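Below, each chain spelled out in residue letters.
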Amino acid sequence: MITHSIVPWFVFIPLLTAGLILLIPNNRSRLIYRVSVAANALTLFLAVVVFLNFDSHQSGWQFVVHRPWVSALGISYHVGLDGIGVVMVLLHGLLSFCGACVSRSIDRNIKLYFTLYSILVASIFGVFTSLDIFFLYLFYEMAVIPLYPLIGIWGSQNREYAAMKLTLYISLGAVLALVGLLSIYLASGLQTFDLVVLSEQAKTGLFSRQFQLWCAPLLIFGFGVIASLWPFHSWSPIGYAAAPTAVSMLHAGVLKKLGIFLIIRLVLTLLPEGARFWMPLVAVLCIVNILYGAWAAMAQNDMKFVIGFASVSHMGYAFLGIAALNQIALTGTVFFMFAHGIMAALCFALIGYIYDQTHTRIIPELGGLAKQIPFIAVCFVMAAFASSGLPGFANFVSEILIFFGAWETYPLLTVLAIFGIVVTATYMLRMVRHVFYGAPNPHWEKLKDAKALMIKLPYGLLVAVLLVFGFWPSFLLNAIRPTTEALLETHHSIFLTQAKHDSALSVGTRQLSHLAHYLYHGSRKENA
Amino acid sequence: MTSSFWILLAPETGLIALILLVLGLDLFTKLDQAKLILFSILGLFLLFGTLVFVWPLRGNALNGLFQVHALATFLKFIFLGAGLLTLVITKEFTKNLGNRASNFILLILLSVLGAFFLASTNDLISLFITIEWMTLSLYILTAFLRTDAYSLEAGTKYLVMGAFSSAVFLYGISFIYGTAGSIRFEAIREVASSAHQSPLFLFGFLLILSGIGFKIAAFPFQLWAPDVYQGAPTPVTAFLSVASKTAGFTALVKVLFAVIGPDALNWSAVIAVISGATLLYGNLGALAQTNMKRLFAYSSIGHAGYLLMGIAAGTSFGLQGTLFYLAAYAISNLTAFLVIVIANEHLGSGEIIAYRGLAKKSPFLAGSFFIALLSLGGIPPLVGFFGKFLVLQAAVWKGYLWLALLGAANVIVSLYYYLSVIKEMYFKPPVQNAEQIQLGILPQFSLGFLVASMVGLGIFQAPLFYFAHAAAQTLF
């Protein structure tokens with residue numbers, strides 16, 4: 001089969017591209033751009049091939065490649081995909097291609113830009129495909145560093161501060177998680193970093209409950225930083241606002257999902273009891289994410305800040321989905337990561353287009369743009385609908401799944417989360433109204449719409465993907481479901497052996513909901 | 001065991017021959033100073049051949065005083081590499097040395113020779129002598145720029161503090177000798193591993209630790225380092241931060257693992273605390289620096305903290321981690337200093353602010369510095385990452401979770417000041433003259449090779465990992 005050893009190429013192709021770009025002379029900037037787009041088109045093609053060849057009837061690892069690396073330490077080069085990985089690879093393939101396409105507006109030091117961009121793309125593919133904890137971490141940390149120069153050199157307002165803050169926050173989360181990962185390696189006593197071996201053993205109760213309880217927060221909050229879990233989110237809107245378009249797209253679209261992805265892959269699989277203990281706290285924090293992020297987005301003037309806070313808010317749904325610890329919500333979360341990734345990237349791409357033309361992102365300074373740039377306006381309206389969870393878009397399906405799943409575990413919190421959708425619709429539609437409709441600003445009469453096919457392609461592609469998976473979600477869901485099912489089997493066996501609400505924190509949430517009940521009834525009495 | 005004296009001492013003999021040759025060429029011919037440096041670089045390069053040759057050998061010479069094993073060879077590789085690169089760095093610094101460049105390189109070669117014997121030594125007195133031999137050259141080298149007040153201040157400070165710490169070291173040895181009745185490592189180890197030691201023995205051990213703490217600039221003996229690093233001629237700073245630090249760690253490893261033994265006297269917790277304090281001092285101190293060499297002085301104190309972390313574990317694995325880290329640190333730090341010396345010559349200033357816009361003036365130079373700084377910061381896939389990975393793992397393994405977390409947090413602190421340098425180079429436009437910096441063949445080749453090895457060893461860790469493994473095993 002052609003697809004037999006396809007997975008390593010997801011990392012090799014971008015790395016080879018980076019090497020190739022370094023060899024091209026600095027003044028051949030069009031050539032550099034074309035090479036980069038072509039390479040990303042190739043990886044997108046591979047991602048589609050892998051997705052179509054993925055056998056969605058089984059839950060195990062597919063397309064596995066396994067080579068020894070440092071065997072004395074139990075490190076091996078082990079890559080492969082499961083239902084979650086294959087969806088994320090497809091997402092990243094799509095976004096890295098679109099990101100490369102919209103990078104045509106980069107005007108200085110193009111060689112360095114695309115070199116760093118390729119390294120970033122390669123490392124993210126590396127995280128999604130690695131089945132060895134060492135390589136998983138290596139690629140994760142490797143993905144963080146190119147962001148620093150990418151934002152610092154090609155960014156806009158406040159770029160130095162934003163780049164430093166973003167890098168340090170995410171790296172701090174990463175090293176905390178590293179200590180957790182090393183503890184897992186040593187606590188297992190198996191002398192291996194192989195995730196497949198470790199997760200098989202974890203099902204049989206390899207890690208003691210006590211170990212899981214202190215190790216799980218290192219990973220949950222360590223990786224939670226990159227997924228902008230409240231209160232570790234403050235790097236994120238500033239970072240997006242400063243970053244160049246393609247980096248904002250990849251960051252909001254894929255990098256944030258790395259955090260959720262790694263929590264699913266490492267915490268839920270290896271530390272089920274730790275997850276069960278800590279997830280109620282995550283559920284409470286993620287509601288703060290949803291509501292606080294949405295409220296902050298309401299107050300913004302800058303389009304990128306609106307979307308930045310919106311993505312902080314939306315990541316709350318992903319956290320709610322994993323915190324629910326049931327199959328519906330988890331499947332919804334994986335689907336949500338895909339749908340939100342596409343939607344967020346689309347928003348940033350469109351804002352980037354508008355900014356390149358107008359050199360402003362301040363909402364009151366814009367207005368009536370729909371007349372000059374109808375194509376962009378239509379795409380943006382679509383993105384706003386998707387963001388507000390309108391039926392017909394992939395986001396709707398995923399959010400519904402998360403809410404249904406979460407309702408079982410945290411009914412009260414779910415109600416609060418659903419309220420976030422209303423706020424989202426408010427700020428998204430308000431932005432659409434102010435930017436694209438209303439009184440046209442004579443300033444912007446000479447704006448050019450996207451006309452050429454190659455310029456339209458990235459935006460059109462992303463809108464199409466949102467619609468396709470919105471109408472036929474089973475394409476993705478069939479691939480995801482067996483994996484999430486198998487993943488939560490471990491949890492069910494623990495559910496059965498333990499009392500249902502034993503952890504101190506779930507007691508804490510229950511008390512919180514009592515408190516809310518009390519406040520609600522109390523206030524009614526006062527009214528009466 | 002049957003390898004003869006001359007075969008075992010081939011690297012040392014070769015180095016002595018080289019020193020005599022350079023001395024002779026300097027005295028009796030009118031060879032250009034620059035050519036003399038090139039000649040020494042070539043000589044040291046050829047000496048790698050002898051090291052490869054003795055690599056598989058194991059044996060004793062001089063009645064067991066001189067030992068050849070994997071650990072000694074591993075360390076000699078670092079010393080030789082450090083010496084070689086210091087000469088490459090010196091080549092870029094020749095202008096400031098006037099007609100005394102030959103003295104300069106002779107002193108460096110002598111220092112490397114001392115370090116070679118240090119790596120192979122097997123008793124306390126020769127340990128003391130070889131480390132002093134090495135440092136003596138460094139006292140002169142630090143004060144080499146006779147008209148520069150900073151250099152003289154650095155030299156004086158280093159000499160006074162160094163002499164004091166040597167005296168403490170020697171005083172400690174006298175207590176050990178007095179209580180154990182021998183200066184041979186094996187004999188002392190028997191005393192150390194017995195159930196009850198005399199308090200005088202412990203006192204002696206403590207004094208020796210303090211003496212070595214000075215050499216590696218570990219907390220609380222680190223105060224001399226920033227002034228000396230800043231004032232010394234840049235090649236000497238490079239040599240101090242790599243070769244001299246490696247020498248200190250050689251002594252520490254020998255004392256802790258060969259003389260005392262990993263399980264005796266519970267020294268592990270002491271080293272762990274020193275490691276944590278050194279990490280904090282170095283990295284927090286570096287945050288406020290505006291001078292590049294001073295920044296590297298503090299950062300190298302921070303790195304000593306990580307190196308100590310592996311030792312604190314007191315296991316073969318921890319020692320292996322420290323050795324890997326040493327090699328990774330040597331490669332990365334020497335790359336950084338090669339850039340610094342070239343940049344300082346062109347920019348006319350050693351302040352960090354002068355590095356503004358370096359990426360415009362020389363993308364290659366800035367790129368190499370970028371990679372070296374990331375490697376020092378422990379970013380994958382560079383070699384420095386795997387070193388940090390190993391020492392953190394060793395600390396977790398030993399149960400020092402607090403130390404591992406402290407080490408992890410310090411990665412972020414160090415990342416902040418390394419990234420700040422990158423910020424100056426890449427994010428800011430050049431201050432005044434924006435003309436390109438032209439690099440010679442030798443620095444270009446060296447930088448290319450060093451960057452390739454940082455990336456290569458970072459991805460394919462196995463060769464260095466197993467070499468460090470073999471080296472660590474010799475003491476267990």
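Quantities reported herein were computed from a predicted structural model and do not represent experimental measurements.

1. Digging into the overall build of chain B
No. 1: In terms of helices and strands, chain B carries 20 helices and 2 strands.
No. 2: Here chain B has a C-alpha radius of gyration of 21 Å; the compact-globule value for 476 residues is 23 Å, and the two agree.
No. 3: Taking the principal axes of its C-alpha atoms as reference, chain B extends roughly 70 × 55 × 45 Å.
No. 4: For chain B, buried positions account for 65% of its 476 residues.
No. 5: Taking the contacts inside chain B whose residues are at least 6 apart along the sequence as the reference set, 81% of them involve residues at least 24 apart.
No. 6: Total accessible area computed for chain B in this model is approximately 16,100 Å², and 70% of it derives from carbon and sulfur atoms.
No. 7: Between the mean site of the 23 positive side-chain charges and the mean site of the 16 negative ones, chain B shows a separation of 5 Å.

2. Topic: the overall build of chain A
No. 1: Along the backbone of chain A there are 21 helices and 2 strands.
No. 2: At 22 Å, chain A has a C-alpha radius of gyration in line with the 24 Å of a compact globule built from 528 residues.
No. 3: The principal-axis extents of the C-alpha atoms in chain A amount to approximately 70 × 70 × 40 Å.
No. 4: Expressed as a percentage of the 528 residues in chain A, the buried residues total 65%.
No. 5: Residue pairs in contact within chain A that sit at least 24 positions apart in sequence constitute 82% of those at least 6 positions apart.
No. 6: Counting every atom, chain A has about 18,500 Å² of accessible surface; 65% of that belongs to carbon and sulfur.
No. 7: Computed over 29 positive and 20 negative side-chain charges, the inter-centroid distance for chain A is 9 Å.

3. Structural notes on helix H7 (residues 159–188) of chain A
For the α-helix, the turn length of 3.6 residues means that residues three or four positions removed from each other point alike.
No. 1: Between its first and last C-alpha, H7 of chain A extends 43 Å over 30 residues, near the 44 Å set by a 1.5 Å rise per residue.
No. 2: With respect to burial, H7 of chain A is a largely interior element, 23 of its 30 residues being buried.

4. With respect to the packing of aromatic side chains
Geometry of an aromatic ring pair is reported as the spacing of the ring centres plus the angle between the planes.
No. 1: Summed over the entire model, instances satisfying the criterion amount to 71 aromatic pairs over all chains.
No. 2: A ring pair is formed by Tyr140 of chain A and Phe223 of chain A, whose centres lie 5.2 Å apart and whose planes are at 85°; its orientation type is edge-to-face. Residue Tyr140 of chain A is found in helix H5 (residues 133–144), and its partner Phe223 of chain A is found in helix H9 (residues 209–224); the two are separated by 83 residues along the sequence. For the pair Tyr140 of chain A and Phe223 of chain A, a shared accessibility class is recorded, and that class is buried.
No. 3: Stacked on the ring of Tyr306 of chain B, the Lys or Arg Lys388 of chain B has its end atom at 4.7 Å from the ring centre.

5. Things to note about the pattern of salt bridges
No. 1: As enumerated under the stated definition, the model contains 13 salt bridges over all chains in all.
No. 2: Note that Arg265 of chain A and Asp82 of chain A form a salt bridge whose closest N and O atoms lie 2.5 Å from each other. Of this pair, Arg265 of chain A sits in helix H11 (residues 245–270) while Asp82 of chain A sits in the loop between strand E2 (75–81) and helix H3 (83–102), and the two are 183 residues apart along the sequence. No difference in accessibility class separates Arg265 of chain A from Asp82 of chain A, as the two residues are buried.
No. 3: A salt bridge links Lys428 of chain B to Glu424 of chain B, with the nearest nitrogen and oxygen atoms 3.7 Å apart.

6. Details of the confidence of the model for chain A
Residues and elements named next belong to chain A.
No. 1: The pLDDT averaged across chain A works out to 84; a share of 92% of its residues lies at or above 70.
No. 2: Of all helices and strands in chain A, the one with the weakest mean pLDDT is helix H21 (residues 504–527) (45), whereas helix H4 (residues 110–129) scores best (92).
No. 3: Confidence drops under a pLDDT of 50 for residues 497–505, and excluding neighbours within four residues, the segment shows 16 contacts in the predicted structure.
No. 4: The model gives residues 514–528 a pLDDT under 50, and that stretch makes 1 contact with residues more than four places away or in other chains.

7. Comments concerning the interface of chain A and chain B
No. 1: Taken residue by residue, the interface counts 36 residues in chain A and 35 residues in chain B.
No. 2: Together, the buried faces of chain A and chain B total about 3,200 Å²; carbon and sulfur atoms form 85% of this surface.
No. 3: By the criterion of area lost to chain B, the three top residues of chain A are Trp69, Tyr148 and Leu186 of chain A, representing 16% of everything that side buries.
No. 4: Measuring nitrogen to oxygen at the nearest pair gives 3.8 Å for the salt bridge that ties Lys428 of chain B to Glu160 of chain A.
No. 5: Seen at the junction of chain A and chain B, the total is 5 residue pairs in polar contact (both at pLDDT 80 or more).
No. 6: For the side of chain A that touches chain B, the element with the highest residue contribution is H7 of chain A, accounting for 15 residues.

8. With respect to the environment of Val339 of chain B
Residues and elements named next belong to chain B.
No. 1: Mapped onto the elements of the fold, Val339 is located in helix H14 (residues 316–347).
No. 2: On the basis of relative accessibility, which here comes to 0%, the residue Val339 falls in the buried class.
No. 3: Between the C-alpha atom of Val339 and that of Leu447, which follows or precedes it by 108 residues, the distance is 8.3 Å.
No. 4: Not counting residues up to four positions away in its chain, the partners in contact with Val339 are Leu365, Ser368, Phe369 and Leu447.

9. Considerations on the nonpolar core
No. 1: Counting 415 residues, the largest nonpolar core has Leu73 of chain A together with Phe369 of chain B as the members making the most contacts within it.
No. 2: Looking at this core element by element, the count peaks at 21 residues for H14 of chain B.
No. 3: In this structure, Leu73 of chain A is in contact with Tyr185, Gln191 and Phe193 of chain A together with Phe317, Phe386, Phe389, Leu390, Gln393 and Phe465 of chain B, ignoring residues within four places of it in sequence.

10. Some remarks on the packing of helix H1 (residues 9–23) of chain A against helix H2 (residues 29–53) of chain A
All names here are of chain A.
No. 1: Look at H1 against H2: their axes get within 10 Å of each other, and the N-to-C directions meet at 175°. Looking at the two axes, H1 sits roughly antiparallel to H2. Judged by residue contacts, Trp9, Phe10, Ile13, Pro14, Thr17, Leu20 and Ile21 of H1 engage Ile32, Val35, Ser36, Ala39, Leu42, Thr43, Leu46, Ala47 and Val50 from H2.
No. 2: Classifying every residue of the contact of H1 with H2 by side-chain character gives 13 nonpolar, 3 polar and no charged.

11. Brief notes about the environment of Val68 of chain B
Residue and element names in this part refer to chain B.
No. 1: Looking at where Val68 falls in the secondary structure, it is placed in strand E2 (residues 66–68).
No. 2: Between the C-alpha atoms of Val68 and His469, which are 401 residues apart in sequence, the distance is 16 Å.
No. 3: Apart from residues lying up to four places away in sequence, Val68 is in contact with Leu8, Val54, Leu57, Arg58, Gly59 and Thr73.

12. Structural notes on the pairing of strand E1 (residues 62–70) of chain A
Residues and elements named next belong to chain A.
No. 1: Bridge count between E1 and E2: 6 bridges; the pairing is antiparallel. Directly across from Arg67, in E2, lies its bridge partner Tyr77.
No. 2: If you look at the hairpin formed by E1 and E2, you'll find 4 residues sitting between the two strands, and Gly74 has a positive phi there, around 75°.

13. Regarding a nonpolar patch on the surface
Residues and elements named next belong to chain B.
No. 1: On the surface, Ile16, Leu20, Leu23, Leu27 and Phe28 cluster together into a nonpolar patch covering about 540 Å² of accessible area.
No. 2: Mapping Ile16 onto the fold places it in helix H2 (residues 10–28).
No. 3: The partly exposed category is assigned to Ile16, whose relative accessible area is 36%.

14. Quick notes on the side chain of Thr86 of chain B
No. 1: Structurally, Thr86 of chain B can be placed in helix H4 (residues 70–91).
No. 2: What Thr86 of chain B contacts, discounting residues up to four positions off in sequence, is Ile108, Pro235 and Phe239 of chain B.

15. Brief notes about unusual backbone geometry
Residues apart from glycine generally show negative phi values, whereas peptide bonds are mostly found in trans.
Residues and elements named next belong to chain A.
No. 1: Cis geometry is found at the peptide bond from Trp230 to Pro231, where omega equals 5°.
No. 2: Examined against the element boundaries, Pro231 turns out to sit in the loop between H9 and helix H10 (235–242).
No. 3: The phi dihedral of Leu325 falls on the positive side, at around 55°, and the residue is not glycine.
No. 4: Here Leu325 shows up in the loop between helix H13 (303–323) and helix H14 (327–358).

16. Some points on the pairing of E2 of chain A
No. 1: Within E2 of chain A, 7 of the 7 residues are buried, which leaves the element mostly enclosed by the surrounding structure.
No. 2: Residues Ile75, Tyr77, Val79 and Leu81 of chain A of E2 of chain A are buried on one face, and the alternating residues Ser76, His78 and Gly80 of chain A, pointing to the opposite face, are buried as well.

What counts and how
- Residues numbered from 1 in each chain as written.
- Chains lettered and ligands numbered in written order.
- Predicted model: local features only at pLDDT ≥ 70, side-chain atom pairs only at ≥ 80, totals over all residues.
- Heavy atoms only, no water.
- Helix = DSSP H or I, 4+ residues; strand = E, 2+ residues; numbered from the N terminus.
- Rg over C-alpha atoms; globule rule 2.2 N^0.38 Å.
- Buried < 20%, exposed > 50% of the residue type's maximum accessible area, 1.4 Å probe, protein only.
- Contact = heavy atoms within 4.5 Å.
- Areas by Shrake-Rupley, 256 points an atom, 1.4 Å probe, with all protein chains shown as cover.
- Lys, Arg positive; Asp, Glu negative; His and termini not counted.
- Charge placed at Lys NZ, Arg CZ, Asp CG, Glu CD.
- Expected span 1.5 Å × (residues − 1).
- Phe/Tyr/Trp six-rings, centres within 6.5 Å; stacked < 30°, edge-to-face > 60°.
- Lys NZ or Arg CZ within 6 Å of the ring centre and 35° of its normal.
- Salt bridge = Lys/Arg side-chain N within 4 Å of Asp/Glu carboxyl O.
- pLDDT = per-residue confidence, 0-100.
- Buried area = accessible area lost by both parts, 1.4 Å probe.
- Polar contact = N/O pair within 3.5 Å; in protein donor to acceptor, adjacent residues only side chain to side chain.
- Core = buried A, V, L, I, M, F, W, Y, C linked by side-chain atoms within 4.5 Å.
- Axes fitted to C-alpha atoms, helices over the stretch in contact; angles between N-to-C directions.
- Parallel < 35°, antiparallel > 145°, perpendicular 65-115°, else oblique.
- Nonpolar A, V, L, I, M, F, W, Y, C, P; charged D, E, K, R; others polar.
- Pairing = 2+ DSSP bridges.
- Patch = residues over 30% accessible without salt bridge, like charges linked within 9 Å, V, L, I, M, F, W, Y side chains within 5 Å.

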